[in-house]
Amino acid sequence: MDAPRHPPGRGDAEATIGPLEEVRLGDTVGEGTRLDPLTERVLRCLPGERWLWAVGWALVPWANAGVNLLLDAKTKSAVWGQTGTVVVLNYAALSFAVAIAIWGSRRVARRLVDLHGAAAFRELDSAAAPLAGAAVTAAAFGITAFVEDGLAAALLRGGTWLVVGVALWTFLWAYISLQLGLHRLGGQRVADAARMDPGLGLRPFGDVAFSGLWILLAWVVPLVLTVSDVVGVVLGCTLLAVALATFFFSLARLHQQMVEVKAEELALARDLYAQAYAPVRETPTLQMLEQQRNLLSAADALEKRAKAIHDWPIDERTFARVITIATSVVPITIGRLLLDPFGL
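What comes next concerns the included structure. Please read these numbers as outputs of a predicted model, since none were measured by experiment. The residue count restarts for each chain, going from 1 along the sequence in the order it is written. Per-residue local features of the predicted model are confined to residues with pLDDT of at least 70, and side-chain atom pairs are confined, for both listing and counting, to 80 or more; whole-chain, interface and lining totals are unaffected and use all residues. Where side-chain values are given, they derive from all heavy atoms of the structure, hydrogens and water being excluded.

### Describing the overall build of the chain
Within the chain, the secondary structure is distributed over ten helices and four strands. Helix and strand definitions here come from DSSP, where helices need a minimum of 4 consecutive H or I residues and strands a minimum of 2 consecutive E residues; each element is numbered from the N-terminal end. Moving toward the C terminus, one meets the helices and strands of the chain in the order β-β-β-α-α-α-α-α-α-β-α-α-α-α. A simple rule labels every residue: compare its accessible area, found with a 1.4 Å probe on the protein chains alone, to the largest value its type can have, and call it buried under 20%, exposed over 50%, or partly exposed in between. Evaluated residue by residue, the chain yields a buried proportion of 41% over its 344 residues. Every residue pair with non-hydrogen atoms within 4.5 Å of one another is taken to be in contact. For the chain, restricting intrachain contacts to residue pairs at least 6 apart in sequence, the fraction spanning at least 24 positions comes to 81%. Note on areas: these come from Shrake-Rupley sampling with a 1.4 Å probe, and a residue is covered only by the protein chains present in the view. For the chain, the computed accessible surface area is about 17,900 Å², with 66% contributed by carbon and sulfur atoms.

Here it is, written out as structure tokens:
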């Protein structure tokens with residue numbers, strides 16, 4: 001009796017998930033697409049050591065703090081109305097965020113290059129998106145400072161956030177591009193060769209997605225915890241919520257595809273087992289059972305392999321810990337804001 005074939009996928013015309021073209025960081029892919037984050041382009045254009053410029057970029061918030069010390073009280077940023085410890089923590093968190101964002105953008109791009117995934121994540125190469133985000137952020141801070149404190153404060157805060165914003169928005173755009181690419185991969189069929197892997201060859205992409213989330217949380221959480229106003233808390237918590245939602249959404253199609261493949265493999269294994277067991281049912285003797293023993297064992301092994309296929313391309317227990325950490329930030333921050341007027 002002929003063995004049954006795999007149930008049809010989502011259409012033979014669809015592409016399969018497999019190795020994409022190999023590129024190096026900054027190489028052209030396809031029609032002008034490159035995996036080259038904006039921060040890397042900026043640092044590459046500057047003379048001297050890259051790491052020195054990256055450190056200098058991360059110290060821009062402290063330069064802002066130095067200038068604020070020279071200004072009168074009315075022109076200083078709102079954070080200077082807090083205690084000295086809060087001011088230091090706030091600037092330290094922002095400086096740390098810039099450093100992590102520069103490093104994180106490069107790391108995400110390199111990981112995708114190593115996975116030959118440049119084509120699926122082509123949006124990461126855009127410079128317009130992070131520049132636009134940085135410009136809007138700088139304009140918002142600059143206009144607010146101009147209305148409240150005048151031109152000097154507007155130029156200082158707007159200029160600082162333009163420089164800082166390029167680094168932060170480059171990573172945010174890399175994170176968004178990562179999620180879009182993962183969603184795009186979810187629309188492709190899993191290659192037959194990948195079905196031999198419990199992770200269906202998708203675990204490395206899940207690891208990159210998880211790394212991106214970790215890096216984002218690494219610099220967003222300290223900023224949220226050290227923010228000194230309600231607006232900052234709302235914006236920070238909103239960013240956390242959006243980050244978690246997009247992370248889950250980007251993996252949803254891959255999850256659905258893994259569940260479908262698992263169901264197909266289980267159906268195949270059980271059908272083969274039924275075929276191998278049919279002669280035993282027709283002739284229930286030990287001799288017939290011995291004849292079918294190898295086929296039954298093989299079909300049983302296929303079923304165990306199918307059951308071992310993962311439902312998600314990430315470690316679910318680790319993801320649960322991340323959600324716990326991220327959600328615990330909200331009540332901690334709200335509690336600090338409520339107790340701050342009492343000096344607690």
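Okay, back to it.
### Description of helix H2 (residues 50-58)
Among the residues of H2, those classed as buried are Ala54, Trp57 and Ala58. Across the axial projection of H2, the buried residues extend over an arc of 95°, all falling on one side. Directions drawn from the helix axis to the C-beta atoms are what define this arc.

### Overview of a nonpolar patch on the surface
Taken together, the side chains of Trp51, Leu52, Val55, Leu59, Trp62 and Val88 make up a nonpolar region of the molecular surface, amounting to roughly 590 Å² of accessible area. Here the nonpolar patch gets three residues from one element, more than from any other, and that element is H2. Along the chain, the position of Val88 falls in helix H4 (residues 84-114). Its relative accessible area of 46% is what places Val88 among the partly exposed residues. Grouping into patches uses exposed residues only, defined as over 30% relative accessible area, and leaves out salt-bridged ones; the cut-off is 9 Å for like charges and 5 Å for nonpolar side chains (Val, Leu, Ile, Met, Phe, Trp, Tyr). The salt bridge criterion pairs a side-chain nitrogen of Lys or Arg with a carboxyl oxygen of Asp or Glu, the two atoms within 4 Å.

### Notes on the side chain of Lys262
Note that Lys262 resides in helix H8 (residues 230-282). Taking the relative accessible area as the measure of exposure, Lys262 reaches 18% and is therefore buried. Among residues more than four places away in sequence, those in contact with Lys262 are Ala306, Lys307, Ile309 and Asp311.

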